[in-house]
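# Report on the structure
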Amino acid sequence: MKKINFKDTRGSSLFKIKDGSSIMLQALDNKPVSITCQYIDERSFYLKNARFSFKEFAELVEQNSCIFYPEHGTAKTYEIYQIHSDKEHDYKFMHYSFAKHQFHAKHYTKVYMGMMSEQTSLESIFYKHNLDYRPFARKMRSLSVSDVIVVNDHGKSKAYYVDSFGFKEVPQFLQQLNQTKHKEYAR
């Protein structure tokens, strides 16, 4: 049976599905939708009734802050969170040692979602989101100190504070984020 091999914009493999299977496609802060895929050849596939090259599809989802994964599986993805406003929180653009006492997930908004291959690193995400032609540039500022990157690695998540030099793992961010979501659902 033929397999559809989804790739990122650099051509690195993300995951494979069987011909005729479905992927879940999710835009920023929307519910995922199931879409059937049909194999055409090693370079292209049908997504519903639209023909895409793998590169074209990867560029489209990257520019529109979308993620996708097998309908009955997972993929490696990331999310970028940025502080809401300069006035409310005085640690925007500050290193973690300054921010750690006031740092809280409720100060942040999810501004981007993207795909990761096994070769994608936090440094490569930082670089990508600081280019002049970065993804989603009209809707979010460049990635900076005080932003948080959440890596979802096949069901396991880790959060990282973008520090002055490197990244600081901040597990409390995920705990706080989950508490905030539970409070919203309870209303």
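Only a predicted model underlies this, so the values are computations on that prediction, with no experimental measurement involved. (Residues numbered from 1 in each chain as written. Predicted model: local features only at pLDDT ≥ 70, side-chain atom pairs only at ≥ 80, totals over all residues. Heavy atoms only, no water.)

### Some details on the packing of aromatic side chains
Within this structure, the stated rule accounts for 22 aromatic pairs. Between the aromatic rings of Phe-6 and Phe-57, the centroid separation amounts to 6.0 Å while the plane-to-plane angle is 55°, which identifies the pairing as tilted. Here Phe-57 lies in helix α1 (residues 54–63) and Phe-6 lies in strand β1 (residues 3–7), a separation of 51 residues in the sequence. Like Phe-57, Phe-6 is buried. Judged by centre distance (5.2 Å) and plane angle (70°), the ring pair of Tyr-81 and Phe-173 falls under edge-to-face. In this pair, Tyr-81 sits in strand β8 (residues 76–83) while Phe-173 sits in helix α4 (residues 171–186), placing the two residues 92 residues apart along the sequence. (Phe/Tyr/Trp six-rings, centres within 6.5 Å; stacked < 30°, edge-to-face > 60°. Helix = DSSP H or I, 4+ residues; strand = E, 2+ residues; numbered from the N terminus. Buried < 20%, exposed > 50% of the residue type's maximum accessible area, 1.4 Å probe, protein only.)

### Thoughts on the layout of surface pockets
The volume enclosed by the second largest pocket comes to roughly 310 Å³. Lining the second largest pocket are 20 residues; nearest its centre among them are Thr-9, Arg-10, Glu-62, Ser-124 and Lys-128. When contributions to the lining of the second largest pocket are tallied by element, the ones reaching two or more residues are α1 and α3 (122–128). With four residues, the top contributor of residues to the lining of the second largest pocket is α3. Of the residues in the lining of the second largest pocket, the class split is eight nonpolar, seven polar and five charged. (1 Å grid on protein atoms, 1.4 Å probe; cavity = no way out; pocket = protein on both sides within 12 Å on 5 of 7 lines; lining within 4 Å. Points joined across faces, edges and corners; volume = space filled by probe spheres on them. Nonpolar A, V, L, I, M, F, W, Y, C, P; charged D, E, K, R; others polar.)

### What about the pattern of salt bridges?
Within this structure, the stated rule accounts for seven salt bridges. In this structure, Asp-29 and Lys-110 form a salt bridge, with 3.8 Å as the shortest nitrogen-oxygen distance. Highlighted residues: Asp-29 in the loop between β3 (22–27) and β4 (33–41) and Lys-110 in strand β9 (residues 108–115), separated in sequence by 81 residues. Here Glu-79 ties to Lys-110 by a salt bridge, and the two come within 3.8 Å at their closest N and O atoms. Of this pair, Glu-79 sits in strand β8 while Lys-110 sits in strand β9, and the two are 31 residues apart along the sequence. Across the pair, exposure class does not vary: Glu-79 and Lys-110 are buried alike. When salt bridges that share partners are traced, they join Asp-29, Glu-79 and Lys-110 into one network. (Salt bridge = Lys/Arg side-chain N within 4 Å of Asp/Glu carboxyl O.)

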